[in-house]
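In case you want the letters, here they are:
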Amino acid sequence: MDEISELERRVDRLEDRLESLEESVQGRTAFDGIERRLDDLENKVEGHRGIENEVEELKRELKDLKRDLTGR
């Protein structure tokens, strides 16, 4: 009987450890998902900045062209 009780206690401890590990994995998976979303957002922001820079450059070029055409 003592052997069975000891085995039951060991099984209970292993189940607790397994549950703890599962919670850790779920937390890590959620963290990874958040990191991926943050990376995606950073890439979009960088893309936006690139577009904004191009627009500003085109505006400068247009202004230069107008100046050249009007002599002002």
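Our structure is the block above this text.
Turning next to the overall build of the protein. A count of helices and strands for the protein gives 1 helix and 0 strands. Relative to the globule expectation of 11 Å for 72 residues, the C-alpha radius of gyration of the protein, 31 Å, shows a markedly less compact shape. Per-residue burial over the protein gives 1% buried out of 72 residues. A distance of 12 Å separates the average location of the 15 positive side-chain charges in the protein from that of its 23 negative side-chain charges.

What follows deals with a negative patch on the surface. Judged by side-chain charge, Glu8, Asp12, Glu15, Asp16, Glu19, Glu22 and Glu23 come together as a negatively charged surface patch. Looking at Glu15, the relative accessible area reads 47%, which means it is partly exposed.

Between its first and last C-alpha, helix H1 (residues 2-70) extends 102 Å over 69 residues, near the 102 Å set by a 1.5 Å rise per residue. Once H1 ends, the next one or two residues include Gly71, with phi positive near 75°.

Looking at where Asp64 falls in the secondary structure, it is placed in helix H1. Assessed through its relative accessible area of 33%, Asp64 is described here as partly exposed. For Asp64, the side chain forms a polar contact with the side chain of Arg67, separated by 2.6 Å.

Looking now at the pattern of salt bridges. Close approach of charged atoms allows side chains with opposite charge to pair. What the rule picks out here adds up to 6 salt bridges. A salt bridge links Arg9 to Glu6, with the nearest nitrogen and oxygen atoms 3.0 Å apart. Of this pair, Arg9 and Glu6 both sit in helix H1, 3 residues apart, which is roughly one turn of the helix. Accessibility expressed as a relative area gives 44% for Arg9, which makes it partly exposed. For Arg28, the salt bridge is made with Asp32, and the minimal N-O distance between the two is 3.2 Å. Here Arg28 pairs with Asp32, and both are found in helix H1, just 4 residues apart, close to one helical turn. Looking at Asp32, the relative accessible area reads 23%, which means it is partly exposed. Here the salt bridges share partners, and the residues they tie into one network are Glu6, Arg9 and Arg13.

Rules used in this analysis
- Residues numbered from 1 in each chain as written.
- Predicted model: local features only at pLDDT ≥ 70, side-chain atom pairs only at ≥ 80, totals over all residues.
- Heavy atoms only, no water.
- Helix = DSSP H or I, 4+ residues; strand = E, 2+ residues; numbered from the N terminus.
- Rg over C-alpha atoms; globule rule 2.2 N^0.38 Å.
- Buried < 20%, exposed > 50% of the residue type's maximum accessible area, 1.4 Å probe, protein only.
- Lys, Arg positive; Asp, Glu negative; His and termini not counted.
- Charge placed at Lys NZ, Arg CZ, Asp CG, Glu CD.
- Patch = residues over 30% accessible without salt bridge, like charges linked within 9 Å, V, L, I, M, F, W, Y side chains within 5 Å.
- Areas by Shrake-Rupley, 256 points an atom, 1.4 Å probe, with all protein chains shown as cover.
- Salt bridge = Lys/Arg side-chain N within 4 Å of Asp/Glu carboxyl O.
- Expected span 1.5 Å × (residues − 1).
- Polar contact = N/O pair within 3.5 Å; in protein donor to acceptor, adjacent residues only side chain to side chain.

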